[in-house]
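Now for the letters of each chain:
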Amino acid sequence: MYNSTPTEKNPDTVCPMETESIKKHEKSSAFKSALAVKAALTERILSELMDNQTEIPPHLKEAMEYMILDGGKRIRGALAMWACEAVSGKLNRDAEIVAAAVEMVHTYSLIHDDLPAMDDDDMRRGKPSCHKKFDEATAILAGDGLLTLAFELLSIEIENSDTAVRMIRTLSEAAGPSGMIAGQVADMHGPHVNGSRANLEYIHMNKTAEMFAASAAMGAIAGHADSRQLSAMIEYGMKIGMGFQIADDLLDVSGSSDQLGKTAGKDAEQGKLTYPALVGEEKSREIFEKLTCEAVCALQIFNSNAGPLRQLAMELLNRTK
Ligand code: IPE
Ligand code: IPE
Ligand code: MG
Ligand code: MG
Ligand code: MG
């Protein structure tokens, strides 16, 4: 969608940051609390929006709420809200709606990703995955429900209709058949362990980074970003999104199922094309650190209102689930 490969250097961005300083970053409890606040807010908005849905058949609603209201780190929601704050200095209702919408689309993607026809995972967010708790048909339909509802809500709840259309376009391009779905197709059917670095970048950029970039972009649009701010936010989102999926691949190798809340070791078992499988864990980490550096540099046009986004990039280096 955004026409740039993740390792490509933006000529406008002179990155003064050294990966060494990134490596020295230590976990911050202030950041942990700030993320918890945004996660709770995202949860509250989701809960409000679901409560207003009175015409969803009860069994379907139960399955949708089972996945959307309980769990998840809410990184994409927080990212959208922080992008709005970075641009405008404050949070607004549009950014809250964006946070809920991106979490709905993300959660649908997880429900479908776990299906037997896809990654076949029985566990998600520390509990039985949707098709295990309910059944496959209900899981497919709960995913469809969340995906569609996200766009319905953007069309209804975003105050200005031109803004709503821009957001809907951004999210549908990122999540659609030239974005996340293209990445998922390549992940499922592409060349597996013997694939190339280009194949791998294509998969990660599409299946994961596009949604990060869209979350940042939509948050920025909610904050009335100009085109320079929007481009910077998209670049930042792509870089942290690529890094996020590298971390996910690394955690699949080194984490436990208890820690991750999903089955560990599945990528190797299913012969997936991942960073650790292709370039090894050490090199994967190096690429992840370089992407983090570039993500922070992409934010250099912003003032201290972008502090949480800078922190987020660095904190993701140390995530354990
Ligand atoms: C998992 O995303 C899927 C990937 C793109 C790696 P998250 O790790 O953000 O999942 P939740 O929302 O916290 O459960
Ligand atoms: C999932 O990637 C990406 C999407 C859901 C779009 P993974 O298959 O690696 O995610 P997990 O490990 O199951 O969370
Ligand atoms: Mg998958
Ligand atoms: Mg999976
Ligand atoms: Mg994974």
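Reading the values: rules and limits
Residues numbered from 1 in each chain as written. Chains lettered and ligands numbered in written order. Predicted model: local features only at pLDDT ≥ 70, side-chain atom pairs only at ≥ 80, totals over all residues. Helix = DSSP H or I, 4+ residues; strand = E, 2+ residues; numbered from the N terminus. Rg over C-alpha atoms; globule rule 2.2 N^0.38 Å. Buried ≥ 20, exposed ≤ 12 C-beta atoms within 10 Å, placed from the backbone. Contact = placed C-beta atoms within 7 Å. Near = placed C-beta within 6 Å. Nonpolar A, V, L, I, M, F, W, Y, C, P; charged D, E, K, R; others polar. Expected span 1.5 Å × (residues − 1). Arc of directions from axis to C-beta. pLDDT = per-residue confidence, 0-100. Core = buried A, V, L, I, M, F, W, Y, C linked by C-beta atoms within 7 Å. Axes fitted to C-alpha atoms, helices over the stretch in contact; angles between N-to-C directions. Parallel < 35°, antiparallel > 145°, perpendicular 65-115°, else oblique. Left-handed = near helix turned anticlockwise from the far one by under 90°.

Each helix and strand counted, the protein has 16 helices and two strands in total. In terms of overall dimensions, the protein is globule-like: its C-alpha atoms have a radius of gyration of 18 Å, near the 20 Å expected for 321 residues. Viewed in the frame of its principal axes, the protein has a C-alpha envelope of about 55 × 45 × 35 Å. Evaluated residue by residue, the protein yields a buried proportion of 45% over its 321 residues. Taking contacts inside the protein between residues at least 6 apart in sequence as the whole, the part at least 24 apart equals 75%.

Time to look at the site of ligand 2. Around ligand 2, a shell composed of S109, L110, D113, D119, D121, M180, Q184, K207, T208, D248 and K262 is seen. Mapped by element, the contributors of at least two residues to the shell around ligand 2 are α5 (93–113), α9 (180–189) and α10 (197–222). Counting residues per element, the shell around ligand 2 draws most heavily on α5, which supplies three residues. Of the residues assigned to the shell around ligand 2, the class counts are two nonpolar, three polar and six charged.

Attention now moves to the site of ligand 1. Every residue near ligand 1 is listed here: G72, K73, I75, H106, R125, T208, Q245 and D248. Looking at side-chain class alone, the shell around ligand 1 contains one nonpolar, four polar and three charged residues.

Turning our eyes to something else, we now look at helix α8 (residues 161–175). Because an α-helix packs 3.6 residues into every turn, residues spaced three or four apart end up facing the same way. Here α8 is 15 residues long and its end C-alpha atoms lie 21 Å apart, about the 21 Å a rise of 1.5 Å per residue gives. Inspection of α8 places A164, M167, T170, L171, A174 and A175 among the buried residues, and these make up the whole buried set. Angular distribution of buried residues about the axis of α8 spans 130 degrees; they occupy a single face of the element. Exposed positions of α8 whose direction lies more than 90 degrees from the buried face are S161, D162 and R169. Elements that come into contact with the buried residues of α8 comprise α5, α7 (136–157), α9 and α10.

So, about the confidence of the model for the protein. Residues at a pLDDT of 70 or more form 92% of the protein, whose mean pLDDT is 93. Considering only residues more than four positions removed or in separate chains, one finds that residues 3–13, a stretch of pLDDT under 50, has 12 contacts.

Core analysis: the largest hydrophobic core is formed by 87 residues, its most contacted members being A80, A83, A101 and A216. Of all the elements, α10 adds the most residues to this core, at 14 residues. If sequence neighbours within four positions are ignored, A83 has contacts with A216, G219, A220, G223, M233 and L309.

What follows is about α7. Over its 22 residues, α7 runs 31 Å from end to end, which matches the ideal 32 Å to within 8%, given 1.5 Å per residue. Those residues of α7 lying buried are T138, A139, A142, G143, G145, L146, L149, A150, L153 and L154. Looking straight down α7, one finds that the buried residues subtend no more than 160 degrees of arc, so they occupy a single side. Where α7 is buried, its residues meet α2 (29–51), α3 (58–68), α5, α6 (130–133) and α8.

Once that is clear, we can look at the environment of D114. By the element assignment, D114 lies in the loop between α5 and β1 (123–124). Along the primary structure D114 and R285 are separated by 171 residues, whereas in three dimensions their C-alpha atoms are 26 Å apart. When sequence neighbours within four positions are dropped, the list of residues in contact with D114 reads D119, D121, R124, S129, C130 and H131.

For the pair α2 and helix α4 (residues 75–88), interaxial distance at closest approach is 9 Å and the crossing angle is 100 degrees. Between α2 and α4, the angle is such that the two are roughly perpendicular. Seen from α2, the contacting residues are L35, K38, A39 and T42; seen from α4, they are G77, A78 and M81. Class assignment for the residues of the contact of α2 with α4 results in four nonpolar, two polar and one charged.

Right, let's talk about the environment of H112 for a bit. Tracing the backbone shows H112 in helix α5. Discounting residues that sit within four places of it in the chain, H112 has contacts with M118 and G143.

Further remarks concern the packing of α9 against α10. Two measures define how a pair of helices packs: the angle their axes make with one another and the distance between the axes. Following both chains from N to C, one finds α9 and α10 inclined at 140 degrees, their axes separated by 7 Å at the closest point. Between α9 and α10, the crossing angle belongs to the class labelled oblique. The hand of the α9/α10 crossing is left-handed. Contacts from M180, A182, G183, Q184, A186 and D187 of α9 reach α10 at N199, Y202, I203, N206, K207, T208, E210 and M211. Taken together, the residues of the contact of α9 with α10 break down into six nonpolar, five polar and three charged.

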